[in-house]
Amino acid sequence: MTDTPQHGANHARNPGMALDTAMFEGHGVNRTAAERRAAQLTTRRTVKKTWQAAWLVNAIRCIDLTTLAGDDTEGRVRRLCAKARQPLAPHIMAGLELDLLHTGAVCVYPTMVGHAVRALKGTGIPVASVATGFPAGLMPLNLRLAEIRYAVEEGAEEIDIVITREHVLNRDWSALYDEVAAMREACGDAHLKAILATGDLQTLRNVYAASMVAMQAGSDFIKTSTGKEGVNATLPVSLTMVRALRDYRDATGHDVGFKPAGGMKSAKDAIAWQILMKEEMGNRWLQPDMFRLGASSMLGDIERQLVHHVTGRYAAAHRHAIA
Amino acid sequence: MPTLTEILETMDYGPAPEDAKIAQSWLDKHSGGFGHFINGQFTKPGQSFSVSNPATGAEIAQVTQGAAEDVDAAVKAARAAQPKWAALPGHARAKHLYALARHVQQHARFLAVLETIDNGKPIRETRDIDVPLVARHFYHHAGWAEILADEFPGATPQGVCGQVIPWNFPLLMLAWKVAPALAAGNTVVLKPAEYTPLTALALAEIAAEAGLPKGVLNIVTGDGATGAAIVGHKDIDKVAFTGSTEVGRIIRRQTAGSGKGLTLELGGKSPFIVFADADIDAAVEGVVDAIWFNQGQVCCAGSRILVAESIAPRFTHLLKQRMAKLRVGDPLDKSIDMGAIVHPVQLDRIASLVDQGKASGAAITQGTAPQGCFYPPTLAENVEPANILATEEIFGPVVTLTTFRTPEDALALANATNYGLAASVWSENVNLALDVAAKVKAGVVWINATNLFDAAAGFGGYRESGFGREGGREGMMAYLRPARPGKPGKPEAAPATPDPLPALSGPAQPIDRTAKMYIGGKQARPDSGYVYQVMGPKGPVGMAGLGNRKDIRNAVEAAHKAAGWGKATGHNRAQVLYYLAENLSARAEEFADRLHSFGQSKKTAEAEVDATLRRAFWYAAQADKFDGAVHSTSNPYVTLAMNEPLGVVGVSCPDSLPLLGLMSLVLPAIAMGNAVVALPSQSHPLAATDLYQVFDTSDLPGGVVNLVTGPRDELAKTLADHDDVATMWYFGSAEGCTMVETASAGNLKQTWTEVAGIRDFTGPAGQGREFLHRATQVKNIWVPYGE
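Residues numbered from 1 in each chain as written. Chains lettered and ligands numbered in written order. Predicted model: local features only at pLDDT ≥ 70, side-chain atom pairs only at ≥ 80, totals over all residues. Heavy atoms only, no water.

**Student:** I'd like to hear about the overall build of chain B, residue by residue, with values.
**Tutor:** A tally of helices and strands in chain B yields 28 helices and 31 strands. The C-alpha radius of gyration of chain B comes to 28 Å, within 12% of the 28 Å expected for a compact globule of 787 residues. Across its three principal axes, chain B shows a C-alpha extent of roughly 105 × 60 × 45 Å. By the burial criterion, 61% of the 787 residues in chain B qualify as buried. Within chain B, contacts between residues separated by at least 24 positions form 76% of all contacts whose residues are at least 6 apart in sequence. Roughly 28,300 Å² of accessible area belongs to chain B as shown, and the carbon and sulfur atoms make up 54% of that amount. With 68 positive and 80 negative side-chain charges, chain B shows a separation of 5 Å between the mean positions of the two kinds. (Helix = DSSP H or I, 4+ residues; strand = E, 2+ residues; numbered from the N terminus. Rg over C-alpha atoms; globule rule 2.2 N^0.38 Å. Buried < 20%, exposed > 50% of the residue type's maximum accessible area, 1.4 Å probe, protein only. Contact = heavy atoms within 4.5 Å. Areas by Shrake-Rupley, 256 points an atom, 1.4 Å probe, with all protein chains shown as cover. Lys, Arg positive; Asp, Glu negative; His and termini not counted. Charge placed at Lys NZ, Arg CZ, Asp CG, Glu CD.)

**Student:** Give a description of the pattern of salt bridges that names residues and reports values.
**Tutor:** For side chains bearing opposite charge, pairing can occur when the charged atoms are close. This structure, assessed with the given rule, holds 66 salt bridges over all chains. Of the charged contacts, one joins Lys193(A) and Asp64(A) as a salt bridge, the two residues approaching to 2.6 Å between their closest N and O atoms. With a gap of 129 residues between them, Lys193(A) in strand β5 (residues 191–195) and Asp64(A) in strand β1 (residues 63–66) connect regions that are remote in the sequence. An identical accessibility class is assigned to Lys193(A) and Asp64(A); each is buried. In this structure, Lys717(B) and Asp721(B) form a salt bridge, with 2.7 Å as the shortest nitrogen-oxygen distance. In this pair, Lys717(B) and Asp721(B) both sit in helix α26 (residues 712–721), four residues apart, roughly one turn of the helix. (Salt bridge = Lys/Arg side-chain N within 4 Å of Asp/Glu carboxyl O.)

**Student:** An account of the packing of aromatic side chains is requested, with residue identities and associated values reported.
**Tutor:** Residue and element names in this part refer to chain B. In this structure the tally under the stated criterion is 27 aromatic pairs over all chains. When the ring of Tyr518 is compared with that of Tyr692, the centres are 4.5 Å apart and the planes differ by 15°; the resulting orientation is stacked. Residue Tyr518 is found in strand β20 (residues 517–519), and its partner Tyr692 is found in helix α25 (residues 691–697); the two are separated by 174 residues along the sequence. You'll find Tyr518 and Tyr692 in the same group, each marked buried. Ring centres of Phe761 and Phe771 lie 6.4 Å apart, and the angle between their planes is 70°; this geometry places the pair in the edge-to-face category. In this pair, Phe761 sits in the loop between β30 (750–755) and α28 (769–774) while Phe771 sits in helix α28, placing the two residues ten residues apart along the sequence. With respect to burial, Phe761 and Phe771 carry one shared label: buried. Members of the aromatic cluster, joined through ring pairs, are Trp729, Phe731, Trp752, Phe761 and Phe771. (Phe/Tyr/Trp six-rings, centres within 6.5 Å; stacked < 30°, edge-to-face > 60°.)

**Student:** Describe the side chain of Thr132(A), naming the residues involved and giving the relevant values.
**Tutor:** Residue and element names in this part refer to chain A. Tracing the sequence through the fold places Thr132 in the loop between β3 (127–130) and α6 (141–154). From its side chain, Thr132 meets the backbone nitrogen of Val162 in a polar contact 2.9 Å long. Excluding anything up to four places from it in sequence, Thr132 contacts Gly137, Arg144, Glu147, Ile148, Ile161, Val162 and Met183. (Polar contact = N/O pair within 3.5 Å; in protein donor to acceptor, adjacent residues only side chain to side chain.)

**Student:** With reference to specific residues and values, describe a nonpolar patch on the surface.
**Tutor:** A cluster of nonpolar residues, Val630(B), Val638(B) and Tyr785(B), forms a patch on the protein surface that exposes about 260 Å² of accessible area. Inspection of the secondary structure assignment puts Tyr785(B) in the segment after β31 (776–784). (Patch = residues over 30% accessible without salt bridge, like charges linked within 9 Å, V, L, I, M, F, W, Y side chains within 5 Å.)

**Student:** Tell me what's going on with the nonpolar core, and back it up with residues and numbers.
**Tutor:** In this structure, Phe138(B), Leu174(B), Leu198(B), Val274(B), Trp292(B), Ile305(B) and Phe315(B) are the most contacted members of the largest nonpolar core, which totals 141 residues. With eleven residues, the top contributor of residues to this core is helix α7 (residues 170–183) of chain B. Sequence-distant contacts of Trp292(B), that is, excluding residues within four places in its chain, are made with Val287(B), Leu319(B), Met323(B), Leu326(B), Asp337(B), Met338(B), Pro377(B), Thr378(B), Pro397(B) and Val399(B). Counting 106 residues, the second largest nonpolar core, distinct from the first, contains Ile125(A), Tyr177(A), Leu8(B) and Tyr13(B). (Core = buried A, V, L, I, M, F, W, Y, C linked by side-chain atoms within 4.5 Å.)

**Student:** Tell me about the interface of chain A and chain B, and name the residues and values.
**Tutor:** Counting from both sides, the interface comprises 42 residues of chain A and, opposite them, 47 residues of chain B. Taken together, both faces of the contact between chain A and chain B bury some 4,100 Å²; the carbon and sulfur share is 49%. The interface formed by chain A and chain B contains eleven salt bridges. Of the charged contacts in the structure, one is a salt bridge between Glu428(B) and Arg205(A), with a shortest N-O distance of 2.5 Å. Linking chain A with chain B are 26 residue pairs in polar contact (both at pLDDT 80 or more). Among the secondary structure elements, those contributing two or more residues to the side of chain A that touches chain B are α1 (31–44), α2 (49–62), α10 (204–216), α11 (235–252) and α12 (267–280) of chain A. Its residues assigned to classes, the side of chain A that touches chain B shows 14 nonpolar, 13 polar and 15 charged. (Buried area = accessible area lost by both parts, 1.4 Å probe. Nonpolar A, V, L, I, M, F, W, Y, C, P; charged D, E, K, R; others polar.)

**Student:** Report on the packing of helix α20 (residues 570–586) of chain B against helix α22 (residues 602–623) of chain B, specifying residues and quantitative values.
**Tutor:** Residue and element names in this part refer to chain B. Close contact between α20 and α22 brings their axes to 8 Å; oriented N to C, the two are set at 170°. Classed by the angle they form, the pair α20 and α22 counts as roughly antiparallel. With respect to the hand of their crossing, α20 and α22 are arranged in left-handed fashion. In this structure, α20 contributes Gly570, Arg573, Ala574, Leu577, Tyr578, Ala581, Leu584 and Ser585 to the contact, and α22 contributes Thr612, Leu613, Ala616, Phe617, Tyr619, Ala620, Ala621 and Ala623. By residue class, the composition of the contact of α20 with α22 is twelve nonpolar, three polar and one charged. (Axes fitted to C-alpha atoms, helices over the stretch in contact; angles between N-to-C directions. Parallel < 35°, antiparallel > 145°, perpendicular 65-115°, else oblique. Left-handed = near helix turned anticlockwise from the far one by under 90°.)

**Student:** Please set out α11(A) residue by residue, giving values where relevant.
**Tutor:** All names here are of chain A. End to end, α11 covers 25 Å across 18 residues, agreeing with the expected 26 Å (1.5 Å per residue, within 8%). Its side-chain oxygen at 3.3 Å from the backbone nitrogen of Val237, Thr234 defines the N-terminal cap of α11. Phi for Gly253, located one or two positions after α11, is positive at around 85°. (Expected span 1.5 Å × (residues − 1).)

**Student:** So, empty space enclosed by the protein: which residues are in play, and what are the values?
**Tutor:** With the rule as written, the count across this model stands at nine cavities of 30 Å³ or more. Each pocket or cavity is described by its volume, and for the largest cavity that value is around 80 Å³. Sorting the residues of the lining of the largest cavity by element identifies α1 of chain A together with α11 (280–291) of chain B as the ones contributing at least two each. Of the residues in the lining of the largest cavity, the class split is five nonpolar, four polar and four charged. (1 Å grid on protein atoms, 1.4 Å probe; cavity = no way out; pocket = protein on both sides within 12 Å on 5 of 7 lines; lining within 4 Å. Points joined across faces, edges and corners; volume = space filled by probe spheres on them.)

**Student:** Requested: an account of the sheet that holds strand β12 (residues 302–308) of chain B, with residues and values cited.
**Tutor:** Residue and element names in this part refer to chain B. The mixed open sheet is built from ten strands, whose spatial order is β13-β14-β15-β12-β11-β16-β17-β31-β25-β24. Only two strands of the sheet have a single partner each, and these edge strands are β13 (363–366) and β24 (629–631). Going across the sheet, the axis of each strand differs from the next one's by a mean of 20°, ignoring polarity. Both strand β25 (residues 637–645) and β31 contribute to a ladder of nine bridges, which runs antiparallel. Counterpart to Pro645 in the pairing with β31 is Thr776. Its contacts with the sheet put α11 on β11 (270–274), β12, β15 (398–404) and β16 (422–426), and the angle it makes with β11 is roughly 170°. (Pairing = 2+ DSSP bridges.)

**Student:** Would you mind going over the environment of Leu679(B) in detail, with residue names and values included?
**Tutor:** Residue and element names in this part refer to chain B. If you trace the backbone, Leu679 turns up in strand β27 (residues 675–679). The sequence separation of Leu679 and Cys653 amounts to 26 residues, and the corresponding C-alpha distance is 6.0 Å. When sequence neighbours within four positions are dropped, the list of residues in contact with Leu679 reads Ile552, Val651, Ser652, Cys653, Val708, Arg712, Leu715, Ala716 and Leu719.

**Student:** Can you break down the sheet that holds strand β4 (residues 158–162) of chain A residue by residue, with the values?
**Tutor:** All names here are of chain A. The sheet built from eight strands is open, its strands ordered β7-β6-β5-β4-β3-β2-β1-β8 with parallel pairing. Two strands lie at the open edges of the sheet, namely β7 (257–259) and β8 (293–295), each paired on one side alone. Pairs of neighbouring strands in the sheet enclose a mean axial angle of 25°, with direction left out of account. Bridge count for β4 against β5 is five bridges, and the pairing is parallel. Bridging across to β5, Asp160 finds its partner in Lys193.

This is the structure we're talking about:
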C-alpha cells in the first residue's frame, strides 16, 4: 500500500480570486431534484465483499477523527489520537493484509491542539483545530483571527473555521468574502477548511452561494457543518457543495477539498459519501487531501464491518479499542 | 480477483450481483414449459416459443403460442366469471385487490429478479421502481373497488376486457391494466408481450395463491397474432392496448364499428425543455432519468432535449461528463445504470436508426457498453427537424439535443410532433414553467422532474400518443360505462338523399331567406354552388347549402383560428352561453315555428326550444365548474389534473331534433373551450342556420362554432379523415359509426359514435358530466415544491 497523500502533498493550494458574484447569484439549485439525485446515489451504486472492505478502509484514511466536547481533556485527546494512529486492531489489519493505516487527521478545540500534536508526533497525522468562535462564530473578528493564530502556533496544520451565517442570510457577500480572506491570511501555511453550517443556511441556493464565496476567498476545503446545528451533513447539501467546487474548478482551474461533517455515524454513510465523491468528482476526491469525513462514531461502525469481513462473524463494540 | 490493496488504488465498484437463485428455481420448476392461465389454472403447454434472457442470450423458458381456441377459452372463462365478480360488493373486490397488493409485496424480490432476467432492465429499476409501483397500483385500486358505488353512482363495468401489453414494463403495465379493470367489476383476458411473458405468468400464480376467483384474470401468451385474436374476439367488450402507434392504428381499424370500448396508450417523442434559468445539474440528471432509464425503452421518455441557446454549451458539457459515468452491463448487478436491450431485433433497430441519423448529419456522442445485446447511452447533436432521429420514436437510449432562443421557440419545437404523451420542463421560474406546462401538447407534464408515476395520477397522451388515461379517477372511467338514465330509443331512419334540383313549390315568406354555411363567424356560400331542398310534412319549406369537403376544410381552418376561446376563462365562456340563451329566448317563438314547419307539433316544437334554453344554462353553469383535481400522489409534488379542451371537435348531429340535437352536442364542447365544426340535421338544417344571428348577437367569437349543411355521412367522413380535427362525435347510422372509427385511425383522433335515436336527447341522457368528459382531456402536471 502506498503512503496516503496528506494535505498539500499533491496539489497546489487554492489561491482564491476576487469576489465574483456572477458565479453564484441566480444559480438555481432545485431541492427536489437534488434530493432525488441524492437518494439515487446509493441505489445506483453499491460495493460488496472485498470492494466494500477496501472502501471502508479508504474511509478511515479520510476520517477527521473528532472530539469537540465541553468535557474534552488531555487524556481524552490522547485516547483519540491513539485510535487515529491505530484505527484497527492488529489482527484485523493482518486479516486485511494492511500494514499501515491511520485516519486523515484528528480534529479538536484549540486548547487541545498541543495535547494532540504531542500524541501524534512522528505519525504524519495532521492536527486540525476548529477556531473562530466555533461553533456559532459570533465573536469579534480580531478575536477570531487571534484564535486561528493561537491554534497554528500550537501546531495545528488545518484550521476549521466557521463563517458568519448572518452574511449569507443577508446576502452580504463582500463581508463574507473579506472575513474568510482574513482568516485564510491568519492561517498562514495551515490549511483553511470553511465550515458553512449549512443547517443554518437552510436553502441549497444559500449553500451554493456560500460555497462559492468561501472558495473565492481562498478556502482549501469547504465543510458542511459544525456538528452542532440542528441538521448537519446531508447528501443533498453535500451534492450542492460538491457541484459548487466542480464549477469553481471548471472556472478557475483550482482544486478545493470537501468535508462533510456531523450526523454521519455508520459505515453505510461512509460508503454513501464516497459514492457521491466518485460519481460527481472522480477518484481524485477519494484521497484524504481532497476529501475528509468529519466524524467520531463512524469509525466504530466501520471497524465492526471490517471485523465481520475478516472473521465472518458479527462484531461487538465492546471488543474494540474505544476512541 | 484484485486484493484489497489493489482496490484501494483503483477504487472500483467491483461486482455486486443480485442473487437469482430463487427466480432460477422457479424457472427450473417450469422447465417443461408454460401453458396459459385460464379459469384459474394453467393449461398444458402447447406449441411453444422460447423466451430468452437478453443480457446473456440464454433461453430461460418455453411459452405457449396462444391459438384462437385458447383465446376463445379464456374469453369464455372471463365471460362466465364476470357477472359474479361484478355482483360482489365493492368491499369484497377490494379485499381481493388488497390481497394481490400484499402478495406482490411479499414476492417483491422474486418478481424483481424475474423481471430483470426476462426483460434485461437493471435490478435497481425492477426493485425500486417497477415492483413497488405494481403493489401501489393494486393498493390504490383496492380503494376504488371499495368506494366505486359512492364515487361513480350508476356506472357499470364494461364486461370482459381484452388487454395487450408491451415488453418495456411487463409487470407494471399488467398492473396498470388489470387493477382498474378488476376494481370496476370487469374480468380480464391479458396477453403479455412475447419477449417478456414471465412475470405475468408468475403473477397468475400469485393471484391464485391470493385467492382471486377463477376466470377473473386470464393470461394468454403468444405473439401479435394472439393479440389480434383477443382484440378481434367478438365477446370482448373493451380493448386496452399499450404499444406502438403503428399497432394502435391497426387496432383502431380492427375494432371500428364493433361497439367495443377502446383505450390506446401509444408512442411518444417527448420534449425535455431546459430553460436558461434551470438548475442545469438537475436537468442533466433529469436526462439520465428520462432517456437512460430502462435503456430508453420508455414510451414517455424525454427523447428530445430542447435547451436554451445561452446555456447549451455548459449543459452539453455536463451532460457528456455525466453520460461517461453511466455503467452499462449485467442488469443483475446492483451498480448498473443500464442493462440489456430487450431483444436483438430492437438492438438492430436502434443501431440502424442511429446510423441513418448520422448519415443525415447528426453528431453522435456515446458512452460505453459491453458486447452483446447492449447499446451505449447516446447523445445526438446537430439533428435537423427532418432527421429520422428527431421524428421517429427510437425506443432506445438515444436522445437528441436542439437549441432554442425563446419560450415561444421552445414551445413550437416541443409541439412539432405527431405525438403528445409527456413533457419535462426545467426552469426555476414558476411562471415560465407553468405557462409552458399549459401550452405543451402532452398528457403528462413534469416540472423540474421526469418519469414520475403514481397510481393516483392519470397517465396517457394527446394526439397520436393515444387516448384514455391509466391511473387515478380518470383511469377508472376507462373501465366503466357511465349511468345512462331513461330508456333507449329506436334507431332513427336514414335521412333522404339531398335533392339539389329546384323544388316545384316553396313556402310563403315575407322576404326570401338564404341559408348558407356558417364559417369563421361569417355566412359563406357553399363551395359547391348548389343547394338542396328541405322538406316539411307537405313539401319543401326551404333550401339549404349543399356542403362539400372544401367547406369542411374551410370550417376546420376557421375553427383553429378560434383557439383563443380555449384560453378564455370559464366565466367568460359562461357569459357567452348565458347571452346565447338570452338571445335564443327572445326568438323562441320564431324557432318553435321553424321546428313546427318541419312537421313537429307546436307543443313539441316549443318543448324542444325550451329544452335547448335550459341546456344552454346548464352548460353555462358548468363552464367554470367542471374543473380539475389535485391528485394525491407522492411527496414532494403537487399533481394537478387539469381538464383541457381537445381543440377542434367534429360533430355530426342526429337527424331528428334539429335544434336540441345540435345544441346538446355543441354546448358542452364550447363550454369546455373547444371549437366545433358541426353537421346539423341533414333533413332539417334550417333550425341550425337560424342560429347564426343568435351566435352573432351573443358575442360568440367567430370560428368557435362552424356549421356545414349537406350530406351527413360524406361530410362526416371528411371530418373523421381530417388530421387537424382532434375528436369526432358522430350520431348517425351504424355504418357511419364504423366509417368514422375506421377513418379516425389516421391521426388517432378520439371518437364518440352512437347510432342516432337510441339516446334520448330530450331527457336527462341528453346532458351531463359524460358530455363534459367527452369534451375534455386530462393533463396531469407534476409540480415539485421545497426550497
